[in-house]
Amino acid sequence: MTLNVKFDAVALDAVAARLGVAEDAGRSRTLVVFAGKDLAIADAAKSLLSGVQEQISRAAGVAKFKGKVGSSLELLAPGGLGVSRLVIVGAGAADGDESEGSKSETDTKSNDFLNLGGQTAARLTPGGEIIVVLDLPDRSFDPAAAAQFALGAWLRSYKFDHYKTRKKDDSEKQEPIEVLLGVANAAAAGAAIAESAALAEGVVLARTLVNEPANVLSPTEFARRASELMKLGVEVEILDEKAMAELGMRALLGVGQGSEAESKLAVLRWNGGGDAPPVAFVGKGVVFDSGGVSIKPAASMEDMKGDMAGAAAVTGALHAIAARKAKANVIGVLGLVENMPDGKAQRPGDIVKSMSGQTIEIINTDAEGRLVLADALTYVVDKYKPAAIVDLATLTGAILVALGQEYGGLFSNNDELAERLSKAGVTTGEKLWRLPMGPAYDKLIDSKFADMKNTGGRHAGSITAAQFLQRFVGKTPWAHLDIAGTGMGSPSSDINQSWGSGWGVRLLDRLVRDNYES
Ligand code: BES
Ligand code: MN
Ligand code: ZN
């Protein structure tokens, strides 16, 4: 997984020295600095710009540039400065002033640098020499801020253009952008940036998995790509249909039985935490959800290539955790199937026995995600007795009705785990909103013919789906994240322009960092 920006962290006086050297012929130099509220520029940047202060204030006056977040000012060939292009990126007020317009109450200072990294990357093109002076007015700077900045730049510059055979110009060919990053503490910043590359790679991996079409990304191909984590020291085990049948995973297998593609269960294990009990992440990996016999309408059915965003997030998180050698034990389980209608497909009315022994009446073959997760959850509970389980799934359209694309839905049988996840959501900006669960909702999935049915009727669709999953986790602390609204097709942001958002990778990595590392 390659990142499209290369950072070389250097001391601020090294930047000054570099600017004293004439530009290379044919390789124009760009200098990026940041301005706070009312065009405030921090000391180190200011001294570099001493020869062009007057030009900056005049240009800013003409452009009405005041340093607001999301705005920028560009000066071409300014006299008295050895650069072809000077870009001043607005960083707004240090404390996230509401009047800046792009902050929400849950934004934090660290997200400031993340988003700034994204905004900066958006203004850079490959080819020339690029110098960024990461010195901000009235904002304390530490190596973690540099790491957030780099992460934001990496995430912003990700592009999925693998299948575009005609690329117009250089900026569309993914040449890396090389950045000389001037910072206060270059050695520490460089190390922090290197560590956050692991996380960026994890997010980018998840995005690519979501973006890939299902004719390429079959369950077998997904399992193969997940197996590449072995290079990072992750133990990978792939169960095929025969192995799953022996374990009695009839709920999962029933979903895949109408597809030509073989179903798989991928188990990823990162053992960095000694003998602590593991935390387990379980992902819905429906590589394509046609609905099966209860077939979906044609409109937007192509989006259902992204119905494996949960499994993608788990894979990306395991990548990040292993690549940064986290001191934690983490298990990832991916339920990989394709939901298709054919002569062998599962029918409404069928009754299947899950690995747990509980029986399920299929009312609607389009409520397939919970069937896949049921057996994946039983497997991980039985085999690994995890300290906590978090499952991620593009599970219900109803969560989009409830929360839109702003928040992921959070359901849990454990307040502490729910709290930890919510907190990680605030820190990363991958926000969660907890919804209720309870026996009254649970009743809605009781079945006339079996232990339960796979849909609960029109009301509270996301909650009855969560109640269904809860029946397979026993007493294990568990949380379910419904990411149907956040995992794909999210509106573009400072740090994401891709259809597949990679949502959940940063959240899970943060959850592990803050709670499960020794
Ligand atoms: N994969 C879908 C949910 C989905 C919808 C994800 C839109 C992303 C965007 C899921 O398998 C599904 O079809 N759910 C049904 C459940 C219903 C039949 C009880 C739904 O939400 O309509
Ligand atoms: Mn479905
Ligand atoms: Zn689905």
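Below or above, wherever it landed, is the structure these notes cover.

Cut-off values and rules
Residues numbered from 1 in each chain as written. Chains lettered and ligands numbered in written order. Predicted model: local features only at pLDDT ≥ 70, side-chain atom pairs only at ≥ 80, totals over all residues. Heavy atoms only, no water. Helix = DSSP H or I, 4+ residues; strand = E, 2+ residues; numbered from the N terminus. Expected span 1.5 Å × (residues − 1). Buried < 20%, exposed > 50% of the residue type's maximum accessible area, 1.4 Å probe, protein only. Donors = N, O, S within 2.8 Å, 3.2 Å for Na, K, Ca; no water. Tetrahedral: all angles 85-135°; square planar, octahedral: opposite > 155°, others 65-115°. Pairing = 2+ DSSP bridges. Salt bridge = Lys/Arg side-chain N within 4 Å of Asp/Glu carboxyl O.

**Quick notes on helix 11 (residues 369-384)**
Phase 1: Given a rise of 1.5 Å per residue, 16 residues ought to cover 22 Å, and the 22 Å separating the end C-alpha atoms of helix 11 matches this to within 8%.
Phase 2: Counting buried residues in helix 11 gives 14 out of 16 residues, a clear majority hidden from the surface.
Phase 3: Phi turns positive, to about 40°, at K385, one or two residues after helix 11.

**Some points on the coordination of the manganese ion (ligand 2)**
Phase 1: In the first shell of the manganese ion (ligand 2), the protein supplies D289 (OD), D366 (O), D366 (OD) and E368 (OE), at 2.0 to 2.2 Å from the metal.
Phase 2: One can describe the donor arrangement at the manganese ion (ligand 2) as irregular, given that its six donor atoms subtend angles of 71 to 167° at the metal.
Phase 3: Along the chain, the residues that donate to the manganese ion (ligand 2) are spaced as D-x76-D-x1-E.
Phase 4: For the pair the manganese ion (ligand 2) and the zinc ion (ligand 3), the metal-to-metal distance amounts to 3.1 Å, and D289 bridges them. You can see D289 sitting in strand 9 (residues 279-289) and its partner D366 sitting in the loop between strand 12 (359-361) and helix 11, a full 77 residues away along the chain.

**Digging into the pairing of strand 13 (residues 388-393)**
Side chains on a regular strand alternate between the two faces of the sheet.
Phase 1: Taken across its six residues, strand 13 has six buried, putting it largely inside the fold.
Phase 2: Residues A388, V390 and L392 line one face of strand 13 and the alternating positions I389, D391 and A393 line the opposite face, and both faces are buried.
Phase 3: Relative to strand 13, strand 9 runs parallel, the two sharing five bridges. Counted as the bridge partner of F281 is V390 from strand 13.
Phase 4: Of the pairings in the sheet, the one linking strand 13 to strand 17 (residues 478-482) comprises five bridges and is parallel in character. Its bridge partner lying in strand 17, A393 is registered against D482.

**Let's talk about the pattern of salt bridges**
Phase 1: What the rule picks out here adds up to 29 salt bridges.
Phase 2: A salt bridge links E246 to K242, with the nearest nitrogen and oxygen atoms 3.7 Å apart. With a gap of four residues between them, E246 and K242 both fall in helix 8 (residues 241-247), about one helical turn apart. In this structure, E246 and K242 share a single accessibility class: exposed.
Phase 3: R471 is the salt-bridge partner of D442, the closest N and O atoms lying 3.1 Å from each other.

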